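Here is how the chains run, residue by residue.
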Amino acid sequence: MFAGIQRLLATIAFFCATILVFMPPALAYSAVSDDTLKSIPRPYHDFDIKDGAILAPILRPRVPGTEGSRAVLQHFVQFFKKELPGWKLEFQNSTSKTPTSNGKDVPFSNLIASRDPPGAGIGDVRRLTLVAHYDSKLEPAGFIGATDSAAPCAIILHAVRSIDAALTRKWNSMKDDPSGLSFLDEHQGIQVFLLDGEEAFASWTDDDSLYGSRALAEAMEEEIYPAMSVNKSPIRAISLFVLLDLLGSKDPTVRSYFKTTHWAYQKLALLESRLRGLGLLKSSPAKKPAGRSEDPNAKDNPWFVDAQKKDNIFGSGITDDHVPFMDRGVDILHVIPMPFPVVWHTIDDDAEHLDIDTVEDWSTIISAFILEWLELDEAFAAVKKPADSKGGTQKTEL
C-alpha cells in the first residue's frame, strides 16, 4: 500500500510540474513592490573601468583561443566560486576551423552557471536564462568590445548576485512549508550562459559566427532527460532566453522583436518607468521633442520604445546568439539597442566610451526583472543588502 501511495504522489507531482510548463508565463508573473526596487543594490566600484572587481577584468581583448579569452573565463569562474558558491558551473567546449585559422581548430568554451531549487528532479526545472557573449573581435587589433559584450556580462553577474540571497531564503522557506502550496514555484530555476565565439573572424556568415551558441544549442537538444521528466531536454527547460548585447552606451533604443515574448518586453518597459519615477536610475534619457527640440514640455524618451506596439507589426529580429535556440523553439527576449551604438565594431568600443551610469542602470533593471520572474519580492525584503560606500554590497547572513 505504501508503494502505491508513493506512485500516486509521484504522479501528482509530475502532473503539477507539467501544468507549470504549459502555464502562460504572464499569468504567473507578479510585480515587485516599490520597497524592493528601492533596495536593489548598485554595483558602485565593482563597475569601475580601471579596477572594478566585476567589470574591469573583462575589458581586454578576448578573442577565442587566446590568453585574454582564458583569463576572462577564469574571472567568471572565480566570481561564481567566491560570490555565488551555491551555483553549479559547467563548461560546454567545442572546436571549429575559422576563415583565419589556416586549417587549425580554434577552441570555444561556453560557461553555464545554474541554480535549481533543492529537491527538484533532473529535467523537472524550468530556468530563466540570462545570456551574453564574452568573446571579442579579431579585428581591429586591440578591439575591446566594451558594449560588445563586456558590459552585458558584468550586468548579468551583478544582477544574479543581487538576487541570490533572496532566492536562497525563498527556497528554504518553501522546504519548511507543510502546506505544499508552493510546489509549482519550486520548479523555477535560473541559469546564465556566457558564450564564446559570437563574433565573425572574417565576415559574418552562417558558418563564420555564433560558434559557441550553435554548439551549445545542439548539445542541449541532444541531451535527453529521464523518461518521466517534465522537460525532454535541457533546451526544452529554458522558460525564457534573455539575451543582452551592445549595452553600455547612453540613450539606447530597445525594440520588441517577437510577439510571443512581447509581454515580457512590456514588463521590462514598466520596470524602467517605475524605477525612473522613483528616482532610482542615474541616467537621464534623451528628451523626446514635442514639436521643437527646445520645447519645455518635451518628454523623456524611454529605452523600451515599443511598449505600446501592436501585435501585428513584429519583424524578423536581429541575427545574434539567440538564433540557434530560437530555431529550436525557445522563447527569446532580445535586449539590444537599435540603432547599434556608434562605437559598434570600431576601436572606440572601449572602456572610456562606456556610460557607466547607463551600465549601472541596466544592472538595476535586469535585477528587478529577475526578482519579478522568480517571485522574490517577499524574500528579498527579508534579506536586504545595505550598500557599501566603497562599492559592491555587504553580505547579510540568512
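Everything numeric here is computed off the predicted structure, so don't read it as measured data.

Q: Quick rundown of the packing of helix H7 (residues 262-277) against helix H9 (residues 356-373)? Include the residues and the values.
A: Viewed as axis vectors pointing N to C, H7 and H9 meet at an angle of 125°, and their least axial separation amounts to 10 Å. Taken together, the axes of H7 and H9 are oblique relative to one another. As for how H7 packs across H9, the hand of that crossing is right-handed. Each of Trp263, Ala264, Lys267, Leu268, Leu271, Glu272, Arg274 and Leu275 in H7 lies in contact with H9, whose residues at this interface are Thr364, Ile365, Ile366, Ala368, Phe369, Glu372 and Trp373. Class assignment for the residues of the contact of H7 with H9 results in ten nonpolar, one polar and four charged.

Q: Could you give an account of the sheet that holds strand S3 (residues 126-133), with specific residues and numbers?
A: If you trace the six strands from one edge of the open sheet to the other, you get S1-S2-S4-S3-S5-S8, paired in mixed fashion. Both outer strands of the open sheet, strand S1 (88-97) and strand S8 (332-335), are each paired with one neighbouring strand and no more. On average, each strand axis in the sheet is inclined to that of its neighbour by 20°, with strand direction left out of account. With five bridges connecting them, strand S2 (residues 105-115) and strand S4 (residues 188-195) associate as antiparallel partners. Each residue of the ladder has a partner; that of Arg115, found in S4, is Ile190. The sheet contacts of helix H6 (residues 211-222) involve S1, S2, S4 and strand S5 (238-244), and relative to S1 the element is tilted by about 115°.

Q: Account for the pattern of salt bridges, naming residues and giving values.
A: On inspection of all chains with the given rule, the structure shows 17 salt bridges. In this structure, Arg70 and Glu67 form a salt bridge, with 3.5 Å as the shortest nitrogen-oxygen distance. One end of the pair is Arg70 and the other is Glu67, both in helix H3 (residues 67-83) and three residues apart, which spans about a single turn. Asp306 is the salt-bridge partner of Lys309, the closest N and O atoms lying 3.6 Å from each other. In this pair, the class of Lys309 matches that of Asp306, namely buried. Each of Arg42, Lys282, Glu360 and Asp361 takes part in salt bridges that share partners, so that together they form one network.

Q: Kindly report on the nonpolar core, identifying the contributing residues and their values.
A: Membership of the largest hydrophobic core comes to 77 residues, with the highest contact counts inside it found for Phe76, Phe369 and Ile370. The biggest single contributor to this core is helix H4 (residues 146-175), with 16 residues. Setting aside its immediate chain neighbours within four residues, Ile370 contacts Leu128, Leu130, Ala159, Val160, Ile163 and Ile190. Of all hydrophobic cores here, the second largest spans 19 residues; its members include Ile112, Val131, Leu216 and Ile336.

Q: Tell me about the side chain of Glu199, and please be specific about residues and values.
A: Looking at where Glu199 falls in the secondary structure, it is placed in the loop between S4 and H6. One buried charged residue, Glu199, forms no salt bridge at all, with the nearest opposite charge on Lys137 at 5.1 Å. Excluding residues that lie within four positions of it along the chain, Glu199 makes contacts with His133, Asp135, Ser136, Lys137, Asp148, Ser209, Tyr211 and His345.

Q: If you had to explain the confidence of the model for the chain to someone new, which residues and values would you point to?
A: Across the chain, the average pLDDT comes to 88, with 82% of residues at or above 70. Segment residues 393-398 is flagged for pLDDT under 50; beyond a separation of four residues in sequence, or across chains, it makes 17 contacts in the model.

Q: Can you lay out H9 for me, pointing to particular residues and giving the numbers?
A: Every α-helix winds through 3.6 residues per turn, so residues three or four apart in the chain are directed the same way. Taking 1.5 Å per residue, 18 residues should reach 26 Å; H9 reaches 26 Å between its end C-alpha atoms and fits that length. When you tally the buried positions in H9, you get 16 out of 18 residues, the bulk of the element.

Q: So what's going on with the packing of aromatic side chains? Which residues, and what values?
A: A complete count under the given rule lists 16 aromatic pairs for this structure. Where Phe108 meets Tyr211, the ring centres are 4.7 Å apart and the plane angle is 5°; that geometry is what we call stacked. Here Phe108 is found in strand S2, whereas its partner Tyr211 is found in helix H6, with 103 residues between them in sequence. For the residue pair Phe108 and Tyr211, the accessibility class agrees, reading buried in each case. For the pair Phe193 and Phe325, a centre-to-centre distance of 5.9 Å together with 35° between the ring planes defines the contact as tilted. Remark: Phe325 occurs in helix H8 (residues 323-326) and Phe193 occurs in strand S4; sequence separation between them is 132 residues. Accessibility assignment for this pair places Phe193 and Phe325 in one class, buried.

Basis of the calculations
- Residues numbered from 1 in each chain as written.
- Predicted model: local features only at pLDDT ≥ 70, side-chain atom pairs only at ≥ 80, totals over all residues.
- Heavy atoms only, no water.
- Axes fitted to C-alpha atoms, helices over the stretch in contact; angles between N-to-C directions.
- Helix = DSSP H or I, 4+ residues; strand = E, 2+ residues; numbered from the N terminus.
- Parallel < 35°, antiparallel > 145°, perpendicular 65-115°, else oblique.
- Left-handed = near helix turned anticlockwise from the far one by under 90°.
- Contact = heavy atoms within 4.5 Å.
- Nonpolar A, V, L, I, M, F, W, Y, C, P; charged D, E, K, R; others polar.
- Pairing = 2+ DSSP bridges.
- Salt bridge = Lys/Arg side-chain N within 4 Å of Asp/Glu carboxyl O.
- Buried < 20%, exposed > 50% of the residue type's maximum accessible area, 1.4 Å probe, protein only.
- Core = buried A, V, L, I, M, F, W, Y, C linked by side-chain atoms within 4.5 Å.
- Lys, Arg positive; Asp, Glu negative; His and termini not counted.
- pLDDT = per-residue confidence, 0-100.
- Expected span 1.5 Å × (residues − 1).
- Phe/Tyr/Trp six-rings, centres within 6.5 Å; stacked < 30°, edge-to-face > 60°.

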